[in-house]
Amino acid sequence: MTDPGGKDIPCGKGRYKRTYAVKADSVWSSDSDIIATALIGALQYAGKYKLVSASDDPTQREAVSAQYRTRITLSSPAKGKMVVRGETECLPQHQ
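Predicted, not measured: the structure shown is a model, and the values here were computed from it.

Topic: the nonpolar core
Moving on, step 1. Membership of the largest hydrophobic core is limited to 9 residues, which are I35, L39, I40, L43, Y49, A63, I72, L74 and M82.
Moving on, step 2. Of all elements in the fold, only α1 (32-46) and β7 (70-75) reach the threshold of two or more residues within this core.
Moving on, step 3. When sequence neighbours within four positions are dropped, the list of residues in contact with I72 reads Y20, L43, Y49, R61, E62, A63, V84, R85 and G86.

Shown next as structure tokens:
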């Protein structure tokens, strides 16, 4: 599964958002909760993201960035697997 994020998705009032996603094998052969924690740590190190959701499921985390106007969901659905999904806020379309 890969969504390269190259399409504008209408979300009303002349505004659009972009989504993107990737599924990959982890370089770590760790349990899913460890992979999810490592992903969120790396994301916070790479950009100004804030953890906003730590659900009861330790294999999935959600973070947002006001700077990048993006929400990212990081998960590890199985040992050694990772999934990253992102979505921008509804923004004015660039001309």
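Comments concerning the sheet that holds strand β3 (residues 15-17)
Moving on, step 1. With antiparallel pairing, 3 strands are arranged side by side in an open sheet as β2-β3-β9. Across the chains shown, the open sheet's two edge strands, defined by having one partner strand only, are β2 (9-10) and β9 (91-92).

Some points on the environment of D31
Moving on, step 1. Assignment of secondary structure puts D31 in the loop between β4 (19-25) and α1.
Moving on, step 2. Judged by its relative accessible area of 42%, D31 is partly exposed.
Moving on, step 3. Sequence separation between D31 and A78 is 47 residues, and the spatial gap between their C-alpha atoms is 7.6 Å.

A few points about the pattern of salt bridges
A side chain with one charge may pair with a side chain of the opposite charge, provided their charged atoms come close.
Moving on, step 1. On inspection of all chains with the given rule, the structure shows 5 salt bridges.
Moving on, step 2. Where K17 meets E87, a salt bridge forms, and the shortest distance between an N and an O atom there is 3.4 Å. Linking K17 in strand β3 with E87 in strand β8 (residues 81-88), this pair joins segments that are 70 residues apart in sequence.
Moving on, step 3. Judged by its relative accessible area of 34%, E87 falls in the partly exposed class.
Moving on, step 4. Among the ionic pairs, R69 bridges to E89, the shortest N-O distance being 3.0 Å. Here R69 is found in the loop between β6 (60-65) and β7, whereas its partner E89 is found in the loop between β8 and β9, with 20 residues between them in sequence.
Moving on, step 5. On the accessibility criterion, R69 (34% relative accessible area) is partly exposed.
Moving on, step 6. E89 sits in the partly exposed class, given a relative accessible area of 39%.

Quick look at the state of the cysteines
Moving on, step 1. Within this structure, the stated rule accounts for 1 disulfide.
Moving on, step 2. A sulfur-sulfur separation of 2.1 Å characterises the disulfide bridge that pairs C11 with C90. Of this pair, C11 sits in the loop between β2 and β3 while C90 sits in the loop between β8 and β9, and the two are 79 residues apart along the sequence.

Remarks on α1
Moving on, step 1. With 15 residues, α1 should reach 21 Å at 1.5 Å per residue; the first-to-last C-alpha distance of 21 Å fits that figure.
Moving on, step 2. All of the buried residues along α1 are S32, I35, A36, L39, I40 and L43. One side of α1 carries all its buried residues, which in axial view fall inside an arc of 130°.

The rules behind these values
Residues numbered from 1 in each chain as written. Predicted model: local features only at pLDDT ≥ 70, side-chain atom pairs only at ≥ 80, totals over all residues. Heavy atoms only, no water. Core = buried A, V, L, I, M, F, W, Y, C linked by side-chain atoms within 4.5 Å. Buried < 20%, exposed > 50% of the residue type's maximum accessible area, 1.4 Å probe, protein only. Helix = DSSP H or I, 4+ residues; strand = E, 2+ residues; numbered from the N terminus. Contact = heavy atoms within 4.5 Å. Pairing = 2+ DSSP bridges. Salt bridge = Lys/Arg side-chain N within 4 Å of Asp/Glu carboxyl O. Disulfide = S-S within 2.5 Å. Expected span 1.5 Å × (residues − 1). Arc of directions from axis to C-beta.

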